[in-house]
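# Understanding the architecture of this molecule
Chain by chain, the residues run as shown.
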Amino acid sequence: MFPQQNPQEKPIRVAVRRAVKTYEGGVEALRGVTLDFAAGTVTALVGRSGCGKTTLLNLCGAMDFPTSGEVLVAGRRTSELGDRELTALRREEIGFVFQFFQLLPSLTALENVELPLLLSGARKSEAIARERLRWVELEGKAEALPFQLSGGQMQRVAIARALVHDPKILVADEPTGNLDTASGDAVLKLIRRAADEFGAAVVMATHSAEAAAIADIRVRMRDGQIESVER
Amino acid sequence: MKLFRQLILRPFRGDLTRSLLTLISIALGVAVVIAIELAGDAATGSFESSLTTLLGKVDYEVTANGGVDETYIAALAALPLNARFAPAIEQPVVIVGGGSTTVYGIDVIAAGMNETGEFSTDKLETSAVLSSDLAARLEAKKGDSITLRGPHRTQTFAVQSIAEGQDTGWVGIDIAAAQDLLDMHGKLDRIEVFLGTGEDPGRAGEAIKKIVPRTYDVETPGARSEQNRRMLRAFRWNLRILSYISLLVGAFLIYNTIAVSVVRRRTEIGILRAIGTSSRGVLLMFLGEASMLGVLGSVLGIGLGRLLAAAILGMISDTVNALFTTSAPGAVELSAGTVVIAICTGTGVAFFSALIPAREAARVAPAEAMRRESREHETRLRVGRDLTLAVAAALAAVVLCQFGPIGGRPVLGYVATLCAVVATALVSPAFVTGVIGALRGTLKKVAGAAGLIAGRSLVTSLARTSIVVTALATAISMMVAVGIMVGSFRETVQVWLESQLRADIYLRAAGPASAGIYPPMDAAVPGIIRATPGVGDVDVFHAFQFHYKGTQATFGAGIMDIVRRRRSMRFLSGDSNEILASLPGQDRAIVSEPFANKHHVRAGQILRIPLGAREVALTVAGIYYDYANDKGFVLTDRGTLLRYLPDQPVTNIAVYLRPGAGAREAEQVRRDLETRLAEFPLNIAPNEVLRRGAIQVFDRTFAVTYALEGVAIIVATLGAANALLALVLDRRREIGLIRYLGAAKGQVRNMILTEAALLGLLAGLLGLALGTALSLVLIYVVNKQSFGWTIQFHPPALLLGGALLLVWAFTVLAGVYPARFAAKLEPAEVVHTE
Ligand SMILES: Nc1ncnc2c1ncn2[C@@H]1O[C@H](COP(=O)(O)OP(=O)(O)OP(=O)(O)O)[C@@H](O)[C@H]1O
Ligand SMILES: [Mg+2]
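Parameters and conventions
- Residues numbered from 1 in each chain as written.
- Chains lettered and ligands numbered in written order.
- Predicted model: local features only at pLDDT ≥ 70, side-chain atom pairs only at ≥ 80, totals over all residues.
- Heavy atoms only, no water.
- Helix = DSSP H or I, 4+ residues; strand = E, 2+ residues; numbered from the N terminus.
- Contact = heavy atoms within 4.5 Å.
- Areas by Shrake-Rupley, 256 points an atom, 1.4 Å probe, with all protein chains shown as cover.
- Lys, Arg positive; Asp, Glu negative; His and termini not counted.
- Charge placed at Lys NZ, Arg CZ, Asp CG, Glu CD.
- Disulfide = S-S within 2.5 Å.
- Core = buried A, V, L, I, M, F, W, Y, C linked by side-chain atoms within 4.5 Å.
- Buried < 20%, exposed > 50% of the residue type's maximum accessible area, 1.4 Å probe, protein only.
- Domains from an automatic or database assignment.
- Pairing = 2+ DSSP bridges.
- Buried area = accessible area lost by both parts, 1.4 Å probe.
- Salt bridge = Lys/Arg side-chain N within 4 Å of Asp/Glu carboxyl O.
- Polar contact = N/O pair within 3.5 Å; in protein donor to acceptor, adjacent residues only side chain to side chain.
- Nonpolar A, V, L, I, M, F, W, Y, C, P; charged D, E, K, R; others polar.
- Patch = residues over 30% accessible without salt bridge, like charges linked within 9 Å, V, L, I, M, F, W, Y side chains within 5 Å.
- Near = heavy atom within 4 Å.
- 1 Å grid on protein atoms, 1.4 Å probe; cavity = no way out; pocket = protein on both sides within 12 Å on 5 of 7 lines; lining within 4 Å.
- Points joined across faces, edges and corners; volume = space filled by probe spheres on them.
- Axes fitted to C-alpha atoms, helices over the stretch in contact; angles between N-to-C directions.
- Parallel < 35°, antiparallel > 145°, perpendicular 65-115°, else oblique.
- Left-handed = near helix turned anticlockwise from the far one by under 90°.

Before going further, it helps to examine the overall build of chain A. From N to C terminus, chain A includes seven helices and 10 strands. Dimensions of chain A along its principal axes, counting C-alpha atoms only, are 50 × 40 × 40 Å. Put simply, 70% of the contacts in chain A that link residues at least 6 apart link residues at least 24 apart. A total of about 9800 Å² of accessible surface is found on chain A, and carbon and sulfur atoms cover 47% of it. Distance between charge centroids for chain A: 2 Å, based on 29 positive and 30 negative side chains.

Right under this line is the structure:
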């Protein structure tokens, strides 16, 4: 529907082709979406509640699969991968940030950041986690438990965690939805830097104009379809 | 009502698995309580002699230690009373080729049975009536013959009739034939008194007492059953208390279930409150949920308990027969009263366990409805205060153990047990936090992310975790406590047997080997044994059951000189040699520890014991350790007994070989004795056989105990499964999140299994500590006060270690379903819902 344009010739990290997603109840959340997400680019998905943003993010994050069409993450067709390969894919290529419920309440900030590395059995996990925590300027809160952090701080810890394993793709679902403007700005800056410094392909669903403003590409969705793409 | 349906029933259905687990826990708890009650009733409810079948309902029984003199029948019959007096003999007897049974000797003519065709007058001496139970066992029918064997005479009887509907084995013969067969000329076991209509029982009783010697007992048959029941009371109480442990464990689990559903439905409760439900309404809702679980669980439990009762009845009656008295188990009967009590107990336990969480629900503010994120279970725990209370409870337990029994029962000991459990419950939160804190580094190293999260989330949901740990620990502690108690007891008994059973060969008359039954043997037997080559000392023993201050005990008389030389009896105090040497030729006796404890007897005191028509004053020379039964023994020298009861038959013989004889000689002598004594119905057993038999009886006695513990452990394991499932459901989003972060399904599974393992470990450690404390209470307070035994502390370490590992494995197994459930959760769904 929309011609593929990639002027900077950045590598495509996620490719969505004619993706249709019909949920079990018969709801058509996506109705033929084709879209590419390139390295170092922030793409914002905007649109009304229920238009299918989260659904599309889940497809990009290999957490869900299209009913028809295909999604390629890091060049691999997600619907063809087994559980083991999907887990490996998530461990190596994808980082997630959500609106609510970001951190495991029983773990400290540092442990939360370290968790993906622990799960994949990486070495020197603690040092790397500490370094990422410094990157989001929260090394002083390493031992704090989530309930001792503000919403903005939690979100920054979450971003540190999403980037701890140098993912090629960062999936963010309304990362500022629950934050005041100041904290939201800090979080958006980090997301921007994730694209610029880490070269991650950032896919972000948002309702906020500020968030949309930092994006390179704004995709407007409506009823499971792409309404417009704005660069 | 509609709200109730929507808010209680719907989630109830949703959490079906968890509700089912809770239901099963209550059902099992109630079932165990019911089963113990029913089986106990059935085992004790059948003391009434089957003689009533033959003779009708008896009003009074005249009995005496050492037997009743037959001549009193005539004296009694001369009384101006509207009453009938029937002589009766009730003795064990050997059936040639058919084991043994009870023989009843009755006055057939007086009972009018010759007229009803049950006996024929012309063949009175050789007619018999069989109980249907015995007839079935022997496959005998009317007209067949049956050969009975007395101490030195064998007699064949014709089966004249069969008494239908009998569930015990017996054979009835004419009184004269019985006296002949059993060598009881002029003697009776009792005189049965039947009052005519209109006769005043009180007056008749007084009149009878005036005729018979003062040492005779004149009692209603009910009194005898009552005596037996009293004797069993301590035994039943201990079982009962043990059975309530499962219910207690169930109570912890109800508490947990309701607490979980309160947390889970906080938002719903908030909405309810916002739209105008009173906090009272919310309280009632949750109490309603608990009561529903309680009623359903109890009903299930009653059915299950009825089945269980039938299964354990055999075990209980074995114990009753081996240790207390002869009784045939009755039928298991479920009375309306029991049903009501069971339902009330189950529902009450459910209701009261739900009270605290339900009150918490009632306190939820309407504003909670607006909260986006439902808070984690609020750990309103004040660890410091709880620890102080725990210390207080523990101290109370220690203090309570210092007092004696109340009404012959270790009531304060039981309360101390409860205090110890309460102390454990209070310590539990601090314990969980402490141990997991200590394991922090190790967990992460050993189990990686799974270990890290597992440990942490147990601490985060501390209130819940500590309840489950307490429930499991209580069940485990019971296992440990009883394990240590039984192990120590067993070791003590074994050491005692070692010193007690020093003879090489033991002989007793053939017959049922139940407590309180001492079949007599022929008077010629000791002489034959003494004349056998290779035999050294022959200890001749006369034992019989006697009444003392309303309870039963065993009176025994042996050759104390041989006992002194050959056995090593241990006394509470004093020199064994001196004490035993002081007995022959004197009115002196030694008593067993349980007897001394029961009757508060001290050395030097004088016992007045009715023997035959006389009352004999015996000075207590010493108190000896004994574990044969809890009714106790009074022992004198044989000469002393025979002075008062010259006709008392020999019941047991211990044969000591010449010093220096080995196993080969023992076997030779045993075979020799078997040939020489072939004409007498005797059991001849070498030392090892007797010793093994004694330990077998012991082990069988505690089989029920193990079964009860098993159920408590099962209940607790179900509780662990339940709690883990709740933890999983509560942390659905957390689990979804870690899947997003790259956790494989296997890692999620491992995380939950690690939690299960941690729960098991915590409960195991706490249970071991509590159990050890409880075992001390059981050994030094409860057992001592109920049975009067001194038990040496000997924990069976290996067995306990094995059992603990097994329980631990069970707990991990209990985590399998929740773990699989967690691994199957769809992350995309759980993270975004709510
Ligand atoms: N697991 C599911 N099962 C059934 N229907 C679903 C499921 N998840 C989402 N839907 C439906 O699919 C449609 C798209 O949902 P989606 O969550 O993608 O919207 P969204 O754009 O993220 O909305 P919002 O801005 O509110 O987050 C909605 O109509 C929603 O009700
Ligand atoms: Mg969404």
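On we go.
As a further point, take the state of the cysteines. Here, disulfide denotes a covalent bond that connects the sulfur atoms of two cysteines. One pass over the structure, following the stated rule, counts zero disulfides over all chains. With no disulfide partner, cysteine 60 of chain A has as its closest neighbouring cysteine sulfur the one in cysteine 51 of chain A, 13 Å distant. The cysteine cysteine 401 of chain B is free of any disulfide, with cysteine 419 of chain B supplying the nearest cysteine sulfur at 9.0 Å.

Generally speaking, a soluble globular protein has its nonpolar side chains buried in company with each other. Residues and elements named next belong to chain B. With 199 residues, the main nonpolar core has Leu507 and Ile529 as its most contacted residues. Ranked by residues supplied to this core, first place goes to helix H14 (residues 462-500) with 21 residues. Counting residues domain by domain, this core receives three or more from each of domain 1 (1-52 + 231-370) and domain 3 (511-680). Residues in contact with leucine 507, not counting those within four places in the same chain, are Met521, Ile529, Thr651, Asn652, Ile653, Val655, Leu677, Leu682, Asn683 and Ile684.

What follows is about the pairing of strand E10 (residues 190-195) of chain B. Residue and element names in this part refer to chain B. Most of E10 is tucked away: six of the six residues are buried. Taking every second residue as pointing to the same face, both faces of E10 are buried, with Arg190, Glu192 and Phe194 on one and Ile191, Val193 and Leu195 on the other. When strand E1 (residues 60-63) meets E10, the two strands line up antiparallel, connected through three bridges. Within E10, the position partnered with tyrosine 60 by the bridge is valine 193.

This part covers the interface of chain A and chain B. Counting residues at the interface gives 27 residues for chain A, matched by 26 residues for chain B. Between chain A and chain B the total buried area reaches about 2600 Å² when both faces are included, carbon and sulfur atoms providing 65% of it. Our count for the chain A to chain B interface comes out at four salt bridges. Put simply, glutamate 111 of chain A and arginine 456 of chain B hold a salt bridge, and the shortest N to O gap is 2.7 Å. Our count for the contact surface shared by chain A and chain B stands at seven residue pairs in polar contact (both at pLDDT 80 or more). Looking at the side of chain A that touches chain B, the elements that each hand over two or more residues are helix H1 (53-60), helix H2 (83-93) and helix H3 (109-120) of chain A. For the side of chain A that touches chain B, the leading source of residues is H3 of chain A, giving six residues. Taken together, the residues of the side of chain A that touches chain B break down into 13 nonpolar, six polar and eight charged.

Right, let's talk about a nonpolar patch on the surface for a bit. Residue and element names in this part refer to chain B. A surface patch of nonpolar side chains, amounting to about 370 Å² of accessible area, comprises Leu806, Phe810, Leu813 and Val816. Broken down by element, the residue count for the nonpolar patch peaks at three residues, all from helix H25 (residues 797-814). As for its placement among the helices and strands, leucine 813 is situated in helix H25.

This paragraph deals with the site of ligand 1. Residue and element names in this part refer to chain A. Lining the immediate environment of ligand 1, one finds 13 residues, of which Ser49, Gly50, Lys53, Thr54 and Thr55 sit closest. The contact in question runs from an oxygen atom of ligand 1 to an N or O atom on the side chain of histidine 207, over 2.9 Å. Within the complex, 64% of the 630 Å² of free accessible area of ligand 1 lies under protein. Of the residues that constitute the shell around ligand 1, the class distribution is four nonpolar, six polar and three charged.

Our next topic: empty space enclosed by the protein. Residue and element names in this part refer to chain B. Applying the stated criterion across every chain yields a total of 12 cavities of 30 Å³ or more. What the largest cavity holds in volume is close to 120 Å³. If you trace the largest cavity, you find 16 residues lining it, with Arg149, Gly150, Pro151, Ala510 and Pro520 closest to the centre. It is strand E3 (residues 83-95) that contributes the most residues to the lining of the largest cavity, four residues altogether. Here the residues of the lining of the largest cavity sort into 12 nonpolar, two polar and two charged. Domain assignment of the residues forming the lining of the largest cavity places at least three in each of domain 2 (60-219) and domain 3 (511-680).

In this section: unusual backbone geometry. In the Ramachandran plot, glutamate 137 of chain A falls in the positive-phi region, its phi being about 60 degrees despite a non-glycine side chain. Within the secondary structure, glutamate 137 of chain A is located in the loop between helix H4 (125-135) and helix H5 (151-163). Note on glutamate 137 of chain A: relative accessible area 61%, which makes it exposed. Of note, the phi angle at aspartate 183 of chain B is positive, near 65 degrees, even though the residue is not glycine. For aspartate 183 of chain B, the position within the fold is in the loop between helix H6 (175-182) and strand E9 (187-188).

All names here are of chain A. In space, the four strands of this open sheet follow the order E2-E1-E4-E5, with antiparallel pairing throughout. Lying at the two open borders of the sheet, with one neighbouring strand each, are strand E2 (28-38) and strand E5 (76-77). The pairing of strand E4 (residues 68-73) with E5 spans two bridges and is classified as antiparallel. Residue pairing for E5: valine 73 is matched across the bridge by arginine 76. Against the sheet, H1 engages strand E1 (12-22), E2 and E4, with an angle of about 55 degrees to E2.

We now examine the pattern of salt bridges. A complete count under the given rule lists 40 salt bridges over all chains for this structure. When the shortest N-O distance is used, the salt bridge between glutamate 93 of chain A and lysine 168 of chain A registers 3.2 Å. Linking glutamate 93 of chain A in helix H2 with lysine 168 of chain A in the loop between H5 and strand E7 (169-173), this pair joins segments that are 75 residues apart in sequence. With a relative accessible area of 35%, lysine 168 of chain A lands in the partly exposed category. One network of salt bridges, in which partners are shared, links Asp537, Asp561, Arg564, Arg565 and Arg566 of chain B.

The next thing to look at is the domain arrangement of chain B. Residue and element names in this part refer to chain B. Segmentation of chain B into domains returns domain 1 (1-52 + 231-370), domain 2 (60-219) and domain 3 (511-680). In this structure, domain 2 and domain 3 have C-alpha centres spaced 29 Å apart. Each partner contributes residues to the interface: domain 2 has 17 residues there, and domain 3 has 23 residues. In total, domain 2 and domain 3 occlude about 1500 Å² of area from one another, counting both sides; carbon and sulfur atoms represent 51% of this. Our count for the contact surface shared by domain 2 and domain 3 stands at zero salt bridges. Linking domain 2 with domain 3 are two residue pairs in polar contact (both at pLDDT 80 or more). Elements represented by at least two residues in the side of domain 2 that touches domain 3 include exactly E3 and strand E11 (217-219). Counting residues per element, the side of domain 2 that touches domain 3 draws most heavily on E3, which supplies three residues.

Time to look at the packing of H5 of chain A against helix H6 (residues 181-198) of chain A. All names here are of chain A. Contact geometry of H5 with H6 gives a least axis separation of 9 Å together with a crossing angle of 15 degrees. Judged on the interaxial angle alone, H6 and H5 are roughly parallel. Regarding H5 and H6, the two cross each other, and that crossing is right-handed. Side by side, H5 and H6 meet where Gly152, Gln155, Arg156, Ile159 and Leu163 of the first sit next to Ser183, Val187, Leu190, Ile191, Ala194 and Phe198 of the second. Broken down by class, the residue content of the contact of H5 with H6 amounts to seven nonpolar, three polar and one charged.

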